[in-house]
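One-letter residues, chain by chain:
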Amino acid sequence: MLNGVAVRANYVRLTALNLLVGALLCAAGAYLVGTFASNLEAGRLSAAAQESLNVQAEALNGALDKYRILPVLLGHRPDIEALLGAAPASAASLRRIALTSAGMSGALDVVFLQPDGTLVARAADTFNDPILPDGPLLRAVLQGRLGRDERLLSDGRRAYVFASAVWGDNAIAGAVLVYVDLESIENNWSLINNPILATDATGRVIMSNRPAWRMGPRPDFSGPVRGGAANAMLDVPTDYLARSRALPPLKWTLTVLLQAAPIRWAGLFWGALAAALVLGLTLLVQTAINRFFAALRRSRAQRALALRLERIVRDRTRELLQTNSSLAHEVVERKAAVDLLRRTQSELVQTGKMAALGQMSTALSHEINQPLSAVKTYAQNALVYLERDRTDEVADNLKRISELTDRMAEVSRHLRNFARKPNPTFGATSIAKVIEDALAVVAARLREEQVVLIKDLGPPGLMVRGGPVRLQQVIVNLVLNALDAMAGQQQPGIFITVTSHAEHVDVAVRDSGPGIAPEVLPQIFDPFFTTKGVGQGLGLGLSISFNIVKDFGGTLSAHNAPEGGACFVLRLDAAEQDQVAAGE
Ligand code: ADP
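Residues numbered from 1 in each chain as written. Predicted model: local features only at pLDDT ≥ 70, side-chain atom pairs only at ≥ 80, totals over all residues. Heavy atoms only, no water.

Attention now moves to the nonpolar core. Core analysis: the biggest nonpolar cluster contains 50 residues, and Ile435, Val479, Ile494, Val507 and Phe568 have the highest contact counts within it. The biggest single contributor to this core is helix α12 (residues 468-485), with nine residues. Residues in contact with Phe568, not counting those within four places in the same chain, are Leu478, Val507, Ala508, Val509, Ile516, Ile524, Phe525, Leu542, Ser557 and Ala558. Formed by 47 residues, the second largest nonpolar core is a distinct cluster that contains Leu53, Leu94, Phe112 and Ala198. (Core = buried A, V, L, I, M, F, W, Y, C linked by side-chain atoms within 4.5 Å. Buried < 20%, exposed > 50% of the residue type's maximum accessible area, 1.4 Å probe, protein only. Helix = DSSP H or I, 4+ residues; strand = E, 2+ residues; numbered from the N terminus. Contact = heavy atoms within 4.5 Å.)

Written out as structure tokens, the structure is:
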């Protein structure tokens, strides 16, 4: 596959080539077609001009031919010969003939001359035209030919003159001249749009439909007539081409001028059309080139995109695999950490319990020792009563001993329960029983410190979600903390209130102690946080309790009660009674 730079270079090269060839073809096409069309149009116009020239030449010749024969006819009339011989006496008769001939033929004038050029008679008297004896007319007459000449008359009119000899006995008796009015012929030319002119052998304009030209020198028509003096004389702003033909008997040249503009316009029009066609073709080719390269570029871009996507997918897959393996690793580590935490936590729970038991050891030994010494006393009494055979008293003392051992067994059972390792599963638990059991564990201290215990255990049979052993530990912790806080107080009091709500159950443990210092309130649930002296507190009780309650989906919070003292609220999910499944 070509790279992007090569594609671009190819595109530029092809475009430049196409445009260059297009421009060359455009110019060549415009020139060739334009020239061809101009020539075609020029040929068509030339043919039309030639046609017009022929028609006008015929018309001119025809008009003059009508008069050509008249002087010959008059010259052969014997009466005229006789009259000329009798001149000047016969001048009046000749004038009559001249008048009749001119009038009947429409000639401008009919003139009779003696061979030396002396005027004998003439029909017209409004102009004068002296005929020189050595002029071309008389010279031709004396040579026996038909004389022809164009004349500018004294009144400004132009005439064509035919001259013929009047024959005597083998000699020339005189001459007869017939003047033909050229202006009456010229009037027909006024209908012709294009300039037309007839020039004599000397190059003088004899006739023309452009009055300014008449009797002037012939303009130079060797090239197209464009502006300049000739055009100024023509008084026409457009360009002209000249076409001429000779009029042999008259020795004149007939010329028509053609408008050159149609030739140029034809060249321009067809040249432009050809250029436009070539241009269109070039643009078509360019469009094809553009399309081809656009398709090429698109396919290149798509291929590049596909490659990029492939690369991205490959990279992502690799990253994902790495992430996956590190996640799996993390999961294993986390699992191990959680197991360790669980183990540590349950060890801590045990440690906490042992700590609580340790704290209570004095009270507990009192709890055991006191009934033991009582048992001892009752047993000694029973022995004394037995010696005295007072069986009723013996029985009474033995009954008391039995009651005291029951009590000790109860204490022992509670302590065993408390020290037992909890079952990790839990279900519905009677909150009242949990509280009662916990109070039994701390009963010795409560009694010893003469604490007023006020409890409201809520509606009977109220169940919460949680394990009884761990919940008991929480309550024991809260009560022991309350007792610690109230140490040395005159009237210590603990208030345990259970309130039932729709979804949960709240257990509030409040004391009449000094409350929790506000600065330590945010930290009391932190592990190892304690305000108690060394050897007195581990700072684990609340932290363990907090985690136990959290494990059950509940919360443990602390605040200072408005009536004084600290208040811990244990919030647990409510459970149905028939769900009793506490495994602890
Ligand atoms: P310990 O009892 O070993 O100090 P705990 O986690 O049980 O650890 O308690 C942390 C701290 O919380 C106590 O040191 C005490 O400052 C405060 N505290 C706990 N209960 C109460 C209470 N009822 N009244 C006042 N302060 C309390």
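Take the sheet that holds strand β2 (residues 119-122) next. The strands making up a sheet are joined through hydrogen bonds of the backbone, oriented either antiparallel or parallel. One open sheet holds the five strands; their spatial order is β2-β1-β5-β4-β3, and the pairing between them is antiparallel. The open sheet is flanked by β2 and β3 (147-152), the only strands paired with a single partner. Sheet twist, expressed as the mean angle between neighbouring strand axes with direction ignored, is 25 degrees. (Pairing = 2+ DSSP bridges. Axes fitted to C-alpha atoms, helices over the stretch in contact; angles between N-to-C directions.)

Right, let's talk about helix α2 (residues 78-85) for a bit. Every buried residue of α2 is listed here: Ile80, Leu83 and Leu84. Buried residues in α2, looked at end-on, bunch into an arc of 100 degrees, giving them a common side. When the buried face of α2 is taken as reference, the exposed residues oriented beyond 90 degrees from it are Pro78 and Gly85. Contacts made by the buried residues of α2 are with α1 (4-75), α3 (91-105), β1 (109-113), β2, β4 (158-167) and β5 (172-181). (Arc of directions from axis to C-beta.)

What follows covers the site of the ligand. Residues in contact with the ligand amount to 19 residues; listed here are only the nearest, Asn481, Asp511, Thr530, Thr531 and Lys532. Separating an oxygen atom of the ligand from a side-chain N or O atom of Asn481 is a distance of 2.8 Å. Between Gly539 and the ligand, the recorded distance is 2.8 Å, taken from a backbone N or O atom to an oxygen atom. Bound to the protein, the ligand loses 93% of the 540 Å² it would expose on its own. Sorting the residues of the shell around the ligand by element identifies α12, α13 (541-551) and β16 (566-575) as the ones contributing at least two each. Broken down by element, the shell around the ligand gets its largest block of residues, three residues, from α12. Each residue belonging to the shell around the ligand can be placed in one class, and the counts come to 10 nonpolar, seven polar and two charged. (Near = heavy atom within 4 Å. Polar contact = N/O pair within 3.5 Å; in protein donor to acceptor, adjacent residues only side chain to side chain. Areas by Shrake-Rupley, 256 points an atom, 1.4 Å probe, with all protein chains shown as cover. Nonpolar A, V, L, I, M, F, W, Y, C, P; charged D, E, K, R; others polar.)

In short, shape yes, function no, at least from these values alone.
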